[in-house]
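Here's the letter readout for the chains.
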Amino acid sequence: MAAPDRPLVHVLSPRTWGEFGNYLAATRFSRALRSAIDAEVTLLEAEPILPWIGEAGAEIRTISLESPDAVVRNQRYMALMDRLQARFPEGFEADPTPAQRADLAPLTRHLRRTAPDVVVGTKGFVARLCVAAVRLAGTSTRVVSHVTNPGLLHLPLHRSRYPDLTLVGFPRAKEHLLATAGGDPERVRVVGPLVAQHDLRDFMTSESAASDAGPWGAGPGPDRPRVIVFSNRGGDTYPELVRRLADRHPGIDLVFVGYGDPELARRTAAVGRSHWRFHSVLGQNEYFDYIRCASRSRYGLLISKAGPNTTLEAAYFGIPVLMLESGLPMEQWVPGLIDEEGLGRACATPEELFDTADDWLSRPSVIEGHKKAALSFADSALDQDAVTDRIGAALRTLLDAR
């Protein structure tokens, strides 16, 4: 229970939308907020309050895992977004229908019972639901939309002019939101992007799938390429990549993480090299060792799908990326960021990914060039103390105006 003189802030986040990425971003945001303002900050999962959010999250996971290619994945995902948008169309927040009131009833009861001073939705859609529920609850709670991924603003489901405050990472995100949803520019603040950093430790806490050797195997050298392959909804693409790297570049150091899929990790280990490492989930010490070694290497490289959180985290640690476009609409802006800032390369097809990995590992000076660009980008755009200060200033202004 918060002290009477301390504001109460609830951060509401779906855990099932986007694997753990959105909830990880909410975890990072909550910690930043606790350090920036004098308030009782509580992070809550949306699904226990609104179970149908979890049903949508389960459908997103199925779409991601079972779609045969990026085009089909995009079509299926957009069909789900369109259904949710039809259920909660633009402007519903101002005057919910009886059906929408019924959908929101558990959230309305929660907000009426807890009456936080501020509720933060870490998806634009969740923030929209909170706006409507606050009005139905009759409380003075202020609503903040924290845009963890600016690509989501290209989907009408996640855009709204109604939150009391919207926090975005980049100026172009503010421009797009105001152009498409309208609203007061003073209620949209550019605070910069938060990076997960060490918060991954809360999610990676299991044993490795193969080998008891030390991280990165035996005999690492400063000029040996160190490659992290993170398979998240990647299907057979990344095991095939590992097989090709084993044939063409057996001398590199490689760690493979088949997130949440022990069978995938074991199957991929069978086509790799004995000194490589394979995991389904990482222990905290192992994760930091891999990141530290990759960031210190002249030729460290992260290979994954083109997700915004992974891209920004790699840049923060000065690790270039080689990524495969996911086909998900809210991630379509990421290849542009990678290209504009020189952070690495985003590939449209698995074959392009295979060929680029082969080329870069044959000419590792290419990786070194992208490393310099990543370090420069991190220095200019990813100052986490400055981002935290801007978030705190924005929330204090909102609380002071109560």
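Residues numbered from 1 in each chain as written. Predicted model: local features only at pLDDT ≥ 70, side-chain atom pairs only at ≥ 80, totals over all residues. Heavy atoms only, no water.

- In the annotation of an unreviewed UniProt entry, the entry for the protein reads Moenomycin biosynthesis protein MoeGT1, and the organism field reads Streptomyces atrovirens.

**Considering the overall build of the protein**
Okay, so step 1: Scanning the protein from terminus to terminus reveals 14 helices and 13 strands.
Okay, so step 2: A compact globule built from 402 residues would reach a C-alpha radius of gyration of about 21 Å, and the protein, at 22 Å, matches this within 12%.
Okay, so step 3: For the C-alpha atoms alone, the extent of the protein along its principal axes is close to 65 × 40 × 40 Å.
Okay, so step 4: In the protein, which comprises 402 residues, the share counted as buried stands at 56%.
Okay, so step 5: For the protein, the proportion of contacts with a sequence separation of at least 24, taken over those separated by at least 6, is 69%.
Okay, so step 6: Split by element, the accessible area of the protein, about 16,400 Å² in all, is 49% carbon and sulfur.
Okay, so step 7: Across the protein, 46 positive and 50 negative side-chain charges occur, with their mean positions spaced 2 Å apart. (Helix = DSSP H or I, 4+ residues; strand = E, 2+ residues; numbered from the N terminus. Rg over C-alpha atoms; globule rule 2.2 N^0.38 Å. Buried < 20%, exposed > 50% of the residue type's maximum accessible area, 1.4 Å probe, protein only. Contact = heavy atoms within 4.5 Å. Areas by Shrake-Rupley, 256 points an atom, 1.4 Å probe, with all protein chains shown as cover. Lys, Arg positive; Asp, Glu negative; His and termini not counted. Charge placed at Lys NZ, Arg CZ, Asp CG, Glu CD.)

**Some remarks on the packing of aromatic side chains**
Okay, so step 1: Tallied over the entire structure, the rule returns 8 aromatic pairs.
Okay, so step 2: Taking 6.2 Å as the distance between ring centres and 40° as the angle between the ring planes, the aromatic pair formed by Phe256 and Phe278 counts as tilted. On the criterion of sequence distance, the pair formed by Phe256 in strand β9 (residues 253–258) and Phe278 in strand β10 (residues 277–279) is long-range, its members being 22 residues apart.
Okay, so step 3: Residue Phe256 is classed as buried on the basis of its relative accessible area, which comes to 0%.
Okay, so step 4: An aromatic cluster of three or more residues is present, and its members are Trp17, Trp52, Phe88, Phe92 and Phe125. (Phe/Tyr/Trp six-rings, centres within 6.5 Å; stacked < 30°, edge-to-face > 60°.)

**Re the pairing of β9**
Okay, so step 1: The element β9 is extensively covered by neighbouring structure, given that 6 of its 6 residues are classed as buried.
Okay, so step 2: Because side chains alternate across β9, one face comprises the buried residues Asp253, Val255 and Val257, and the other comprises Leu254, Phe256 and Gly258, equally buried.
Okay, so step 3: For β9 and β10, the ladder comprises 3 bridges, and the chain directions are parallel. In the strand pairing of β10, Val255 is matched with Arg277.
Okay, so step 4: Once the chain exits β9 it traverses helix α8 (residues 262–269) before rejoining the sheet at β10, and the crossover so formed is right-handed. (Pairing = 2+ DSSP bridges. Right-handed = clockwise from strand over helix to strand, strands pointing away.)

**Quick look at the pattern of salt bridges**
Where side chains of opposite charge bring their charged atoms close, a pairing between them can arise.
Okay, so step 1: Tallying each qualifying case throughout the model produces 20 salt bridges.
Okay, so step 2: Note that Arg224 and Asp253 form a salt bridge whose closest N and O atoms lie 3.1 Å from each other. Taken together, the residues Arg224 in the loop between β7 (208–210) and β8 (226–231) and Asp253 in strand β9 connect sequence positions 29 residues apart.
Okay, so step 3: Residue Arg248 pairs with Asp358 through a salt bridge whose shortest N-O separation is 3.0 Å. Linking Arg248 in helix α7 (residues 237–248) with Asp358 in helix α12 (residues 350–362), this pair joins segments that are 110 residues apart in sequence.
Okay, so step 4: With a relative accessible area of 55%, Arg248 lands in the exposed category.
Okay, so step 5: Residues joined by salt bridges that share partners form a network here, namely Glu240, Arg243, Arg244, Asp247 and Glu351. (Salt bridge = Lys/Arg side-chain N within 4 Å of Asp/Glu carboxyl O.)

**Topic: empty space enclosed by the protein**
Okay, so step 1: For the structure on display, the rule yields 5 cavities of 30 Å³ or more.
Okay, so step 2: Of the pockets and cavities examined, the second largest cavity occupies roughly 200 Å³.
Okay, so step 3: Considering the residues around the second largest cavity, the lining is formed by 22 residues, among which Val147, Thr148, Pro193, Leu194 and Asn309 are closest to the centre.
Okay, so step 4: Among the elements of the structure, α1 (21–36), β5 (165–168) and α10 (308–316) are those that each provide at least two residues to the lining of the second largest cavity.
Okay, so step 5: In terms of residues, the lining of the second largest cavity owes the most to one element, α1, which gives 4 residues. (1 Å grid on protein atoms, 1.4 Å probe; cavity = no way out; pocket = protein on both sides within 12 Å on 5 of 7 lines; lining within 4 Å. Points joined across faces, edges and corners; volume = space filled by probe spheres on them.)

**Regarding the side chain of His370**
Okay, so step 1: Within the secondary structure layout, His370 lies in helix α13 (residues 365–381).
Okay, so step 2: Looking at His370, its side chain comes within polar contact range of the main-chain oxygen of Gly342, at 2.8 Å.
Okay, so step 3: Ignoring any residue separated from it by four or fewer positions in sequence, one finds His370 in contact with Pro320, Gly342, Leu343, Gly344 and Trp360. (Polar contact = N/O pair within 3.5 Å; in protein donor to acceptor, adjacent residues only side chain to side chain.)

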